[in-house]
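Structural features, examined
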Amino acid sequence: MKSMRKYIIATIIAASLLIPVTAKKVVLDYNHLASSATEKEIKTAYKQERSLFYKTYYDNKETFLHLCLKNDRPYSFIKMCIDYESDITATSKDGRNPVSYAAQYSSDPKIIEILVKTDALTASRKRKRIVQTDSYGKNAFHYAKENANEAIYAKLCEFSEDPNVYEGDDVAMEKNAPLDDIAALEAELAREAAELEAMSY
């Protein structure tokens, strides 16, 4: 009886070894992870796919850090990406670095700060991240002006002067401004000068 039981057990074990075991791999939705997933869900996804924070995604070749910034994820999510060694100097296909993404999409100035300061030991390196231009000729200051949060622009100014403006006659003016705008500004300044001169008589 015991020998029969051993034979049955051995047969079952042998049969189980012949059955191919294939683990079902979950296909990750990177847009969902970057836009809606919790930190715990992202860490779970990282355990499944160790290249999550390193590789690039979609047509514009964005990193996961880029995707999180584009979805205005909270500071803790961005810090998690950095802690998991996301490349904070990586550029997308169109040449935008994470600082430019943060300038355009983020609502928390602290995100600008961590992206500018991490591993940038000198003031010149911090400034370089901000003024680096993409394939459209834009830098972080350009994108910050598209962002409704003025605190983002102010935070950039803590690390670099805006190279896109110059000061003249107490008026800040965009470089490469349309000629009509420049002419209008010059006319306005001339009127103000005439009024001041008239008041002096």
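These notes cover the structure that comes with them. The residue numbers shown here count from 1 along each chain, following its written sequence. Under the rules for a predicted model, residues below a pLDDT of 70 receive no local features and side-chain atom pairs below 80 are neither given nor counted, while totals for whole chains, interfaces and linings still include all residues. The basis for every side-chain value is the complete set of heavy atoms in the structure, and neither hydrogens nor water enter the calculation.

Every angle, taken between N-to-C directions, lies between 0 and 180 degrees, and every axis is a line fitted to C-alpha atoms, over only the stretch in contact when it is a helix. By definition, any uninterrupted DSSP run of H or I lasting at least four residues is a helix, any uninterrupted run of E lasting at least two residues is a strand, and each is numbered from the N terminus. Across the interface, helix α5 (residues 75-83) lies against helix α7 (residues 109-117) with an axial gap of 9 Å and an inter-helix angle of 15°. Classified by the angle their axes make, α5 and α7 are roughly parallel. As α5 runs across α7, the sense of the crossing is right-handed. Mapping the contact onto sequence places Y75, I78, K79 and I82 in α5 and K110, I111, I114 and L115 in α7. Across the contact of α5 with α7, the residue classes break down as 6 nonpolar, no polar and 2 charged. Each angle receives one of four descriptions, namely roughly parallel if under 35 degrees, roughly antiparallel if over 145, roughly perpendicular if within 65 to 115, and oblique otherwise. By the definition used in this description, the sense in which the near helix is turned from the far one sets the handedness, with an anticlockwise turn below a right angle giving left-handed and a clockwise turn giving right-handed. Contacts are assigned to residue pairs that have any heavy atoms within 4.5 Å of one another. Polar here means any residue other than Ala, Val, Leu, Ile, Met, Phe, Trp, Tyr, Cys and Pro, which are nonpolar, and Asp, Glu, Lys and Arg, which are charged; Gly is therefore polar.

Quick look at the packing of aromatic side chains now. Between 30 and 60 degrees the pair is tilted, below 30 it is stacked and above 60 it is edge-to-face, where a pair is any two Phe, Tyr or Trp rings, Trp via its six-membered ring, whose centres lie within 6.5 Å. The full count for this structure, using the stated rule, is 8 aromatic pairs. With a centroid separation of 6.3 Å and an interplanar angle of 45°, the aromatic rings of Y57 and Y58 are classed as tilted. Exposure is judged per residue with a 1.4 Å probe applied to protein chains only, and the accessible area is read against the type maximum: over 50% gives exposed, under 20% gives buried, and values in between give partly exposed. The class of Y57 is buried, set by a relative accessible area of 3%. By relative accessible area, which is 40% here, Y58 ends up partly exposed. An angle of 65° between the planes, with centres 5.5 Å apart, marks the rings of F141 and Y153 as edge-to-face. Taken together, the residues span a long stretch of sequence, with F141 in helix α9 (residues 140-144) and Y153 in helix α10 (residues 150-157) at a distance of 12 residues. Classification of F141 by relative accessible area gives buried; the value is 0%. Looking at Y153, the relative accessible area reads 24%, which means it is partly exposed. Comment: the charge-over-ring label is applied if NZ (Lys) or CZ (Arg) is within 6 Å of the ring centre and within 35 degrees of the ring normal. Over the aromatic face of F77 sits the side chain of R73, whose NZ or CZ is 4.1 Å from the ring centroid.

Function cannot be inferred from these measures alone, as they are strictly geometric.
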